[in-house]
Amino acid sequence: MGKCYNSTVIDAPIERVWQTIKNFHDLSWDSAVVTSTDKVGSKNSDEIGAQRVLNNAFHETLLSIDNSQFNFTYSIDDGPGPVAKDAVQNYIGKVKLLPVTDSSSTFVEWSSTFDSTDPDEVADFCNPIYAGLLASLKLHFS
């Protein structure tokens, strides 16, 4: 099983960061990595099964969302290169927020697990994307 992992600390309270990142259909806080977000289907952004297409390439589905624990999971159902549906299976991404209590800031983890015949290729492809998303999120709150 392959894995990706990225994290950062954002200088904002967890509730503010969560309000921004939990909307599955809105990544307007990031224009560096995400150039387009298209809602697919009729499910709202906080409903299990909500779908989106990022950058006309990444087809994703919301699998879980937990407002009390500040996290959500999603699948990549199809995408470019190493995350195409015939190259990777069981791709589950997770975004998790934790409070940093001594500074009223937020620790954000963006991770994933997946099955692939070339897990290093998938990780080399996805880790820079997650790092870019986290950098944009951090910049959004600066």
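First, a word on scope: everything that follows refers to the structure included in this document. Since this is a predicted model, take the numbers as computed values, not measurements. (Residues numbered from 1 in each chain as written. Predicted model: local features only at pLDDT ≥ 70, side-chain atom pairs only at ≥ 80, totals over all residues. Heavy atoms only, no water.)

**Regarding the environment of Glu60**
Argument step 1. By secondary structure assignment, the location of Glu60 is in strand β4 (residues 58-66).
Argument step 2. When its relative accessible area of 5% is taken as the criterion, Glu60 is described as buried.
Argument step 3. Taking the C-alpha atoms as reference points, Glu60 and Phe24, separated by 36 residues in sequence, lie 9.6 Å from one another.
Argument step 4. Of the polar contacts made by the side chain of Glu60, one reaches the side chain of Arg52; its length is 2.7 Å. (Helix = DSSP H or I, 4+ residues; strand = E, 2+ residues; numbered from the N terminus. Buried < 20%, exposed > 50% of the residue type's maximum accessible area, 1.4 Å probe, protein only. Polar contact = N/O pair within 3.5 Å; in protein donor to acceptor, adjacent residues only side chain to side chain.)

**Observations regarding the pattern of salt bridges**
Argument step 1. Under the defined criterion, the tally for this structure stands at 1 salt bridge.
Argument step 2. When the shortest N-O distance is used, the salt bridge between Glu60 and Arg52 registers 2.7 Å. Each member of the pair Glu60 and Arg52 is classed as buried. (Salt bridge = Lys/Arg side-chain N within 4 Å of Asp/Glu carboxyl O.)

**Regarding the sheet that holds strand β6 (residues 88-100)**
Argument step 1. The strand order across the open sheet formed by 7 strands is β1-β7-β6-β5-β4-β3-β2, and the pairing between neighbours is antiparallel. Looking along the sheet, the strands with just one partner apiece sit at the ends: β1 (2-10) and β2 (37-40). When the angles between neighbouring strand axes are averaged without regard to direction, this sheet yields 25°.
Argument step 2. Sheet contacts for helix α1 (residues 14-21): β1, β4, β5 (71-78), β6 and β7 (105-116); angle to β6, the most-contacted strand, approximately 150°.
Argument step 3. Packing against the sheet, helix α2 (residues 119-140) makes contact with β1, β4, β5, β6 and β7, and its axis sits at approximately 15° to β1. (Pairing = 2+ DSSP bridges. Axes fitted to C-alpha atoms, helices over the stretch in contact; angles between N-to-C directions. Contact = heavy atoms within 4.5 Å.)

**Things to note about the environment of Thr8**
Argument step 1. With respect to the secondary-structure elements, Thr8 resides in strand β1.
Argument step 2. With a relative accessible area of 14%, Thr8 lands in the buried category.
Argument step 3. A C-alpha to C-alpha distance of 16 Å links Thr8 and Trp29, two positions 21 residues apart in sequence.
Argument step 4. Filtering out sequence-adjacent residues up to four positions away, Thr8 remains in contact with Thr106, Phe107, Val108, Leu134 and Lys138.

**A closer look at the pairing of β1**
Argument step 1. Residues Gly2, Cys4, Asn6, Thr8 and Ile10 point to one face of β1 and are all buried, whereas Lys3, Tyr5, Ser7 and Val9, pointing to the other face, are not buried.
Argument step 2. Of the strand pairs in this sheet, β1 and β7 are connected by 9 bridges, and their pairing is antiparallel. Each residue of the ladder has a partner; that of Val9, found in β7, is Phe107.

**Points about the state of the cysteines**
By definition, a disulfide links the sulfur atoms of two cysteines through a covalent bond.
Argument step 1. According to the stated counting rule, one finds 0 disulfides in the structure shown.
Argument step 2. The cysteine Cys126 is free of any disulfide, with Cys4 supplying the nearest cysteine sulfur at 4.8 Å. (Disulfide = S-S within 2.5 Å.)

**Quick notes on the nonpolar core**
Argument step 1. Counting residues in hydrophobic clusters, the biggest one holds 36 residues, and the most contacted among them are Ile21, Phe72, Tyr91, Leu97 and Trp110.
Argument step 2. If you list the elements that add at least two residues to this core, you get β1, α1, β4, β5, β6, β7 and α2.
Argument step 3. Tallying contributions element by element places α2 first for this core, with 7 residues.
Argument step 4. Every residue in contact with Tyr91, bar those within four places of it in the chain, is listed here: Tyr74, Ser75, Ile76, Val83, Ser112, Thr113, Phe114, Val122, Cys126 and Tyr130. (Core = buried A, V, L, I, M, F, W, Y, C linked by side-chain atoms within 4.5 Å.)

**Re the environment of Asp66**
Argument step 1. Residue placement: Asp66 occurs in strand β4.
Argument step 2. Taking relative accessible area as the criterion, Asp66 reaches 27% and is therefore assigned partly exposed.
Argument step 3. With 44 residues separating them in the primary sequence, Asp66 and Lys22 have C-alpha atoms 9.3 Å apart.
Argument step 4. Sequence-distant contacts of Asp66, defined by excluding residues within four places in its chain, comprise Trp18 and Asn71.

Scope: geometric values only; no functional claims are made or implied.
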